[in-house]
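Each chain is listed here by its residues.
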Amino acid sequence: MAYKIVEKRQLVPDVHLMNIEAPDVAAAAKAGQFIILRIDEEGERIPLTIADYDTDKGFVTIIFQEMGKTTKQLAKMAAGDELQDFVGPLGKASEIEKIGTVVLVGGGVGIAPVYPQARAYREIGNKVISIIGARNEGLLILEDEMKAVSDELLVATDDGSKGHHGFVTDLVKELLDGDEKIDRIVAIGPPIMMRAVAGVTDPYDVETIVSLNPIMVDGTGMCGGCRVNIAGETKFACVDGPEFNAKDVDFNLLMSRLSLYRKEEMDSLENYKKGCGDDCKCQ
Amino acid sequence: MSVTQEMPEQPADERIHNFEEVALGYTEEQAILEAERCLECKKPKCVEGCPVNIDIPGFVSKMKEGNFEEAIGVIKKTNTLPAVCGRVCPQEEQCEKLCILGKKSEPISIGRLERFCADRERESGVKDPVVAEPTGKKVAIVGTGPAGLTAASDLAKAGYSVTMFEALHEAGGVLIYGIPEFRLPKAIVKEEVGYIMKLGAELKVDYVIGRIKTLDQLEDEFDAVFLGTGAGLPKFMGIEGENLNGVYSANEFLTRVNLMKAYRFPEFDTPIKCGSHVIVVGGGNVAMDAARSALRLGADEVSIVYRRSDEELPARREEIEHAKEEGIVFRLLNNPVRILEGENMSINGVECIKMELGEPDESGRRRPVPVEGSEHVIDADIVIIAIGTSPNPIIFDGSKGLEVTPWGTIVVNEAGMTSLEGVCAGGDAVTGAATVISAMGAGKLAAQTIDDHLSK
Ligand SMILES: Cc1cc2nc3c(=O)[nH]c(=O)nc-3n(C[C@H](O)[C@H](O)[C@H](O)COP(=O)(O)OP(=O)(O)OC[C@H]3O[C@@H](n4cnc5c(N)ncnc54)[C@H](O)[C@@H]3O)c2cc1C
Ligand SMILES: Cc1cc2nc3c(=O)[nH]c(=O)nc-3n(C[C@H](O)[C@H](O)[C@H](O)COP(=O)(O)OP(=O)(O)OC[C@H]3O[C@@H](n4cnc5c(N)ncnc54)[C@H](O)[C@@H]3O)c2cc1C
Ligand code: SF4
Ligand code: SF4
Ligand code: FES
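Given the structure is predicted, the values throughout are model-derived calculations rather than measurements. (Residues numbered from 1 in each chain as written. Chains lettered and ligands numbered in written order. Predicted model: local features only at pLDDT ≥ 70, side-chain atom pairs only at ≥ 80, totals over all residues. Heavy atoms only, no water.)

**Looking at the environment of V130 of chain B**
Position of V130 of chain B among the secondary structure elements: in the loop between α8 (110-123) and β1 (138-142). Note on V130 of chain B: relative accessible area 73%, which makes it exposed. (Helix = DSSP H or I, 4+ residues; strand = E, 2+ residues; numbered from the N terminus. Buried < 20%, exposed > 50% of the residue type's maximum accessible area, 1.4 Å probe, protein only.)

Below is the structure:
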């Protein structure tokens with residue numbers, strides 16, 4: 001089977017948005033779920049969160065950051081090109097209920113998976129406060145989109161080029177210390193950010209949910225490669241998650257397991273770059 | 001009395017450096033010599049031992065005449081995947097176990113003869129199949145392991161419009177992602193799948209039932225459904241250190257190697273850690289496959305750690321022998337109790353305890369009991385857990401009224417029908433991890449049941 005890329009655009013340097021034609025996936029997709037794609041016969045299966053979907057047009061939106069071989073190769077593809085495989089929707093959907101005030105925290109490319117959740121929480125009548133962060137203003141994605149689906153949007157940049165000068169965790173803490181009652185926090189971003197948010201919210205007794213991104217192969221519970229430790233128990237993130245209660249997550253284990261193939265990933269990227277022409281920007 | 005023809009093989013010291021097939025298959029001359037040993041018994045015991053009751057004397061007698069085309073015709077009447085079964089059936093437990101010649105000398109090598117006929121047919125080009133008139137009815141097959149492929153093939157031949165749904169990107173189930181290339185070349189599986197497509201069946205890969213569509217939806221869209229979703233959920237031991245970097249389930253290890261072709265990294269993008277000292281926990285076919293794959297990836301030493309003795313090893317004898325020839329170390333009567341942590345959550349050896357065999361347990365096998373104070377550490381940097389699997393659970397999301405056991409296996413009646421009318425199931429999803437041929441048998445039965453049900 002082949003899945004056509006119907007639109008592609010760069011959001012900020014190294015982060016791209018793609019709309020993929022996959023009507024059956026679009027029809028079943030819900031916020032919080034992900035897909036696994038494979039570019040070609042030799043490709044690796046990589047998981048990416050469903051950033052949006054359009055049931056009428058049959059499109060699924062993915063937003064990805066160039067990291068290694070596969071995401072760099074994907075970044076070079078254009079509208080009209082086809083992906084060999086695109087499986088989904090995988091994982092459990094987020095439990096989106098009407099509970100009051102929800103704070104959604106997105107860091108870096110993690111803003112992408114937060115967006116459909118913010119929209120869904122808002123649609124059913126919650127007050128949505130969103131906090132988005134990036135290293136600098138130029139790397140901030142989906143600001144307008146987030147603004148449109150949030151009652152309040154706060155921005156943090158590491159260098160202060162936009163919004164709060166500092167980390168998203170500072171803003172989370174300010175909210176928690178403020179007058180407004182917060183009923184739930186959802187934080188998605190690099191593991192290090194999610195761990196920091198978990199640390200900040202821990203003393204406050206506010207339900208905090210994170211979305212884990214361990215290395216996956218099948219995404220159907222068949223390999224156990226994605227196992228994470230949740231409150232002392234082993235869980236498979238692809239079927240039991242990817243969302244879990246932040247206070248239960250062993251982030252050190254997650255981060256350590258994510259680094260397992262660092263050497264092979266570098267080799268793979270080197271090997272790929274060798275095959276590219278001189279004018280290629282991945283050099 | 002004549003002895004069996006030995007199968008030519010790749011020498012052990014060569015084959016441990018490649019992923020090519022180990023057993024090379026009979027020559028025509030050998031095949032005929034072996035066939036000639038068969039007594040063509042009036043009441044052939046061997047047939048009773050074959051779960052799909054292949055007419056063994058029937059096909060063997062055609063082989064004696066050198067008429068391989070008719071021989072394969074006889075086999076294919078009851079077995080859709082002979083090239084696969086001839087290679088991976090536990091023959092010594094089935095057909096060959098009951099062969100009358102085995103009493104005094106060696107049984108006929110039925111599996112090897114079957115393989116020969118299937119390979120010969122493939123080389124000379126498989127004839128286009130004959131398909132019955134369309135019935136106008138639609139059947140969904142979920143899962144494309146041997147159970148699903150067999151059901152799909154029989155139903156397509158009977159004129160049903162068949163759609164197969166597969167969660168992975170390739171059809172074949174364990175035949176594609178589990179059993180390694182050196183035991184079952186993937187080209188064979190692909191040809192078998194191709195044959196079923198020629199019968200008119202449609203294949204949708206990348207299609208997880210329970211996610212993209214539910215069983216409830218399939219029941220609405222199709223006249224009948226077959227569930228052949230297998231038992232692929234890996235079990236872990238629950239011991240300390242099992243989530244360390246470098247601990248794999250056999251499923252993950254084998255999937256990376258077979259389905260994702262990690263042995264050809266970086267030509268293929270999926271990486272794998274091969275390690276220098278590899279420990280595989282378990283004693284079945286899965287453990288042997290993982291161990292022999294690790295060796296071929298370049299590990300210095302690979303050991304099987306198994307809590308019972310050689311006699312109880314559940315793997316096929318041929319695989320155990322092959323593994324021994326290749327230099328796999330068998331640490332029997334040994335059980336891991338803890339995986340030791342090294343730098344950066346890596347593995348720094350496995351602590352094991354010696355076991356001895358006590359009284360027989362429910363399975364009739366003697367129960368292994370730990371020998372107190374016998375803890376010792378075995379050097380390891382990669383650990384592969386191959387202690388079993390349970391049924392794949394995703395299919396149960398959105399399957400109202402489907403009865404399952406507390407172990408997660410699907411409940412069926414003697415005809416293979418589940419608690420839902422028009423929904424059949426079979427293979428590992430029903431029995432728990434078993435064999436290729438029993439899964440095929442279940443697929444066959446279910447196809448018959450569906451046909452009966454829909455022609456009412
Ligand atoms: C449920 C889930 C949702 C995700 N959603 C997004 C998303 O929406 N946008 C986005 O940019 N990224 C997302 N990721 C991360 C994304 O999968 C990785 O960035 C990608 O696999 C990197 O592949 P690569 O070959 O380009 O880089 P590599 O060089 O192979 O790896 C770069 C880093 O990515 C991680 N990684 C490598 N292989 C995998 C794998 N098979 N599965 C998971 N992580 C891997 C490793 O930690 C590694 O350090 C998600 C991950 C998961 C598990
Ligand atoms: C490594 C290994 C070695 C083995 N060696 C031997 C051997 O030598 N001899 C022997 O006889 N047996 C052997 N076996 C056992 C044998 O392979 C299995 O018993 C047999 O494959 C079971 O067939 P099945 O059709 O029931 O399921 P499987 O082969 O497991 O196929 C099930 C298929 O269903 C798909 N699926 C699951 N859930 C869904 C869903 N929700 N939606 C869509 N698709 C889904 C899976 O992806 C898979 O492709 C071995 C098993 C393993 C793992
Ligand atoms: S299918 Fe298996 S059991 Fe039956 S005859 Fe062939 S090898 Fe023997
Ligand atoms: S039992 Fe042995 S000798 Fe008799 S028909 Fe079967 S294979 Fe031939
Ligand atoms: S990715 Fe294989 S079990 Fe989760």
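**Here's the deal with the nonpolar core**
Residue and element names in this part refer to chain B. In terms of nonpolar packing, the biggest core is built from 78 residues, with I56, F59, M63, L113, I141 and V162 touching the most fellow members. Among the elements that line this core, the one with the most residues is helix α17 (residues 436-455), at eight residues. With residues up to four places along the chain from it excluded, the contact list for I141 reads G148, A151, A152, L155, V162, T163, M164, F165 and F226. (Core = buried A, V, L, I, M, F, W, Y, C linked by side-chain atoms within 4.5 Å. Contact = heavy atoms within 4.5 Å.)

**Brief notes about the domain arrangement of chain B**
Residue and element names in this part refer to chain B. Annotation of chain B at the domain level lists domain 1 (12-124), domain 2 (138-232 + 392-455) and domain 3 (234-385). Measuring from the centre of the C-alpha atoms in domain 1 to the corresponding centre in domain 2 gives 26 Å. Contacts between the two partners involve 21 residues from domain 1 and, on the opposite side, 20 residues from domain 2. Between domain 1 and domain 2, the buried area comes to about 1900 Å², and carbon and sulfur atoms account for 74% of it. There are two residue pairs in polar contact (both at pLDDT 80 or more) connecting domain 1 and domain 2. Of all the secondary structure elements, the ones that give two or more residues to the side of domain 1 that touches domain 2 are α5 (68-78) and α6 (82-88). Split into classes, the residues belonging to the side of domain 1 that touches domain 2 amount to 12 nonpolar, four polar and five charged. (Domains from an automatic or database assignment. Buried area = accessible area lost by both parts, 1.4 Å probe. Polar contact = N/O pair within 3.5 Å; in protein donor to acceptor, adjacent residues only side chain to side chain. Nonpolar A, V, L, I, M, F, W, Y, C, P; charged D, E, K, R; others polar.)

**Observations concerning the site of ligand 3**
Residue and element names in this part refer to chain B. Among the 14 residues in the neighbourhood of ligand 3, the closest are listed as C50, C89, Q94, C95 and E114. The element contributing the most residues to the shell around ligand 3 is α8, with three residues. Taken together, the residues that form the shell around ligand 3 break down as nine nonpolar, four polar and one charged. (Near = heavy atom within 4 Å.)

**Some words on helix α11 (residues 186-198) of chain B**
Residues and elements named next belong to chain B. The terminal C-alpha atoms of α11 lie 18 Å apart, and with 13 residues this matches the ideal 18 Å at 1.5 Å per residue to within 8%. Within α11, burial applies to K186, I188, V189, E192, V193, Y195 and I196. The inward-facing, buried residues of α11 contact α6, α8, α9 (146-157), β2 (161-165), α10 (174-177) and β3 (202-204). Looking one or two places after α11, you find G200, whose phi comes out positive at around 105°. (Expected span 1.5 Å × (residues − 1).)

**Details of the domain arrangement of chain A**
Residues and elements named next belong to chain A. Its domain assignment divides chain A into domain 1 (3-90) and domain 2 (101-259). The C-alpha centroid of domain 2 is placed 21 Å from the C-alpha centroid of domain 1. Domain 1 puts 19 residues into the contact, and the matching count from domain 2 is 21 residues. Between domain 1 and domain 2, a total of about 1600 Å² is buried, with carbon and sulfur atoms accounting for 66% of that surface. Between domain 1 and domain 2 we count one salt bridge in total. A salt bridge links R119 to D52, with the shortest nitrogen-to-oxygen separation between them at 2.9 Å. Between the two partners, domain 1 and domain 2, sit three residue pairs in polar contact (both at pLDDT 80 or more). When contributions to the side of domain 1 that touches domain 2 are tallied by element, the ones reaching two or more residues are β1 (3-12), β3 (34-38), β4 (46-49) and β6 (59-65). The residue inventory of the side of domain 1 that touches domain 2, partitioned by class, reads 13 nonpolar, three polar and three charged. (Salt bridge = Lys/Arg side-chain N within 4 Å of Asp/Glu carboxyl O.)

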